[in-house]
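These are the residues of each chain, in order.
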Amino acid sequence: MNVTQQNLSTRRDFIKTTGQFAAVSALAGVAIPHVHAAGDNTIQLALIGCGGRGNGAVANAMSAGGLVLGDSGGTERAQNSGAGGPIKLVAMADLRQDRLDQSHEALTRALGNQVEVPNDRRFLGFDAYKKAIDCLKPGDVALLTTHAAFRAPHLEYCVEKGINVFMEKDFAADPGGVKRIIRAGEAAERKGLKVAAGLMCRHSTARQAMIQKIRDGAMGDIQLIRAYRMDPGYFMGPKPGGVNELLWQLSPGQPFQFMWSSGGIFIELMIHQIDECFWLKDSWPVSAHGVGGRFPGSTDCSQNLDTYSIEYTFADGTKALVTGRYIPNCDNDFATFVHGTKCGGKFSGNIHAPTSFICKNQHIEQTNIAWRAPKETVNPWQMEWDVLLSAIRNNKPHNEARRAALSNLGAIMGRAAVHSGKTITWEQAMASDFKFCPNVDELTEKSPAPVQADAQGRYPAPMPGKTVEI
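What you are looking at is a predicted structure, and each value in this text was computed from that prediction instead of being measured.

**Structural notes on the overall build of the protein chain**
Within the protein chain, the secondary structure is distributed over 14 helices and 17 strands. When burial is assessed residue by residue, the protein chain has 59% of its 470 residues classed as buried. In the protein chain, the share of contacts with a sequence separation of at least 24, taken over all contacts with a separation of at least 6, comes to 75%. Accessible surface for the protein chain amounts to roughly 17,900 Å². Of this, 51% is attributable to carbon and sulfur atoms.

**Comments concerning the packing of aromatic side chains**
Under the defined criterion, the tally for this structure stands at 17 aromatic pairs. Here the aromatic cluster, defined as three or more aromatic residues joined through ring pairs, consists of F278, W284, Y312, F314 and W426.

**Points about helix α12 (residues 380-394)**
Because an α-helix completes one turn every 3.6 residues, residues spaced three or four positions apart along the sequence face the same direction. Compared with an ideal rise of 1.5 Å per residue, which puts 15 residues at 21 Å, α12 spans 21 Å between its outermost C-alpha atoms and is within 8% of the ideal. Of the positions making up α12, those classed as buried are P380, W381, Q382, E384, W385, D386, L388, L389, S390, A391, I392 and R393. For α12, the N-terminal cap is N379; the gap from its side-chain oxygen to the backbone nitrogen of W381 is 2.9 Å. Just downstream of α12, N395 is the residue with a positive phi angle, here 55°.

**A short note on the sheet that holds strand β15 (residues 357-359)**
Across the sheet, 9 strands lie side by side as β16-β15-β14-β13-β9-β12-β11-β10-β17; this open sheet has mixed pairing. This sheet does not close on itself; its edge strands, each paired only once, are β16 (369-372) and β17 (424-425). One ladder, built from 4 bridges, connects strand β13 (residues 333-340) with strand β14 (residues 344-348); its direction is antiparallel. Its bridge partner lying in β14, F337 is registered against K346. Most of the contacts of helix α8 (residues 205-215) go to β14, to which it runs at about 150°, and overall it touches β9 (222-231), β13, β14, β15 and β16. Most of the contacts of helix α13 (residues 401-420) go to strand β11 (residues 307-313), to which it runs at about 120°, and overall it touches β10 (287-293), β11 and β17.

**Some words on the packing of helix α7 (residues 175-191) against α13**
Closest axis-to-axis distance for the α7/α13 pair is 8 Å, and the angle between their directions is 170°. Put simply, α7 runs roughly antiparallel to α13. Between α7 and α13, the contacting residues are P175, V178, I181, I182, G185 and E186 on the first element and A401, R402, A405, L406, L409 and I412 on the second. Here the residues of the contact of α7 with α13 sort into 9 nonpolar, 1 polar and 2 charged.

**Let's talk about the sheet that holds strand β5 (residues 122-124)**
Ordered in space as β5-β4-β2-β6-β7-β8, the 6 strands form an open sheet in which the pairing is parallel. Edge positions in the sheet fall to β5 and β8 (195-197), since each has one partner strand and no second. Shown here is a sheet whose adjacent strand axes are inclined to one another by a mean of 15°, direction ignored.

**A few points about the nonpolar core**
Counting residues in hydrophobic clusters, the biggest one holds 84 residues, and the most contacted among them are M167 and F266. Residue contacts for F266: discarding those within four places in its chain leaves I271, I274, Y308, I310, V322, Y326, A411 and R415. Ranked by size, the runner-up nonpolar core spans 28 residues in total, among them M92, L100, A110 and V141.

**Things to note about the pairing of β11**
Both β10 and β11 contribute to a ladder of 7 bridges, which runs antiparallel. Across the sheet, the residue bridging to G292 is Y308, located in β11. In this sheet, strand β12 (residues 319-326) lies alongside β11 in antiparallel orientation, the contact comprising 7 bridges. Counted as the bridge partner of I310 is V322 from β12. The turn linking β11 back onto β12 is made up of 5 residues, and G317 within it adopts a positive phi angle of 90°.

Calculation criteria
- Residues numbered from 1 in each chain as written.
- Predicted model: local features only at pLDDT ≥ 70, side-chain atom pairs only at ≥ 80, totals over all residues.
- Heavy atoms only, no water.
- Helix = DSSP H or I, 4+ residues; strand = E, 2+ residues; numbered from the N terminus.
- Buried < 20%, exposed > 50% of the residue type's maximum accessible area, 1.4 Å probe, protein only.
- Contact = heavy atoms within 4.5 Å.
- Areas by Shrake-Rupley, 256 points an atom, 1.4 Å probe, with all protein chains shown as cover.
- Phe/Tyr/Trp six-rings, centres within 6.5 Å; stacked < 30°, edge-to-face > 60°.
- Expected span 1.5 Å × (residues − 1).
- Polar contact = N/O pair within 3.5 Å; in protein donor to acceptor, adjacent residues only side chain to side chain.
- Pairing = 2+ DSSP bridges.
- Axes fitted to C-alpha atoms, helices over the stretch in contact; angles between N-to-C directions.
- Parallel < 35°, antiparallel > 145°, perpendicular 65-115°, else oblique.
- Nonpolar A, V, L, I, M, F, W, Y, C, P; charged D, E, K, R; others polar.
- Core = buried A, V, L, I, M, F, W, Y, C linked by side-chain atoms within 4.5 Å.

Below is the structure:
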């Protein structure tokens, strides 16, 4: 099954569902602060990567500004959050003309005159991001929603140009990319730029409330965290003949199948829950080890394994167990659980649902709940944009680059432990400069693909005992 057939997140279905939105401008009633550099206080957006996650992020940005998208809460929320004010999408960039055209059509249909992207501001190719970002001015926002291999160079260019950033997860495919994100984030902070990172669960009010209960001692000392993402799978057939291998690897649904382009399906799916583990412990792990593999008879031609099981150890000796399994006809699960010395609880549920509650004891059941988080009134995908635009319009500090990069490094550390068959320490991960594609900045449509298929169209899978990723 192709990865694009799965519901990877609520927001990413935006391009398929734009017809249901009544895109009505409510900006006239929004109080507009006078901090933003633009003379008319309009924040302009450039979309870099025109897939479903990028389209959804544009919709969230518009809603944060006050545009009503099928609900009546946009204007009020914008006024209360300080995010409200005019927003326009003015530039777009992608590798594929069909994606660019489809995205422009869907966004225009949903958002009306908030989309102002004529043909000469729709850019194609590996250098298209620079042309789109060059359409912005200081104080505007670039939406970096391509795959992880390209996040660092795109972020660096934004910082060079003085542009604020929303960057989707994941943020790097390898430790070398993580270091670039950290350095770019530090440069952004020196310039006073705002950087939002798409680990939206950090902006979940339900999870924030449970974190506060944990910090106040309601669960005792956290001893164990369990995170699961198990579903029918994302298998890839052999590479077809007669195609440009690089562009084929970067075509819709394919980048998740290769380590160099996205970090692989495990990190793409599990980075949110790995980040939840670190948040719950308020700490980075000191080491990770794990196992994984493929089921007998698998015909998958990608670089992914279909089973990942990782044990993270923290400085106090406590553990987080992270399990990914992508095999048909098996039990499915999508949740994060936490156990303290006093009791257990559920931190998040299916498709990142804010089912956050604490139980009376270690039995995590609906009939055993002692405390439940208040219902969210704004979903986390939206809230992260409310926070970003409020920071821009009111000149408040907001830079999530380092935290996001280190959570990404923790995910890479776990993946490397499974792929190598070795225990990987945080110090090793922080010291590593490993890169899957050292020349990612120089890629063009004529470049050879960073990883090559064999004669049967199959790609090399990790081999514990031999593979090195740290």
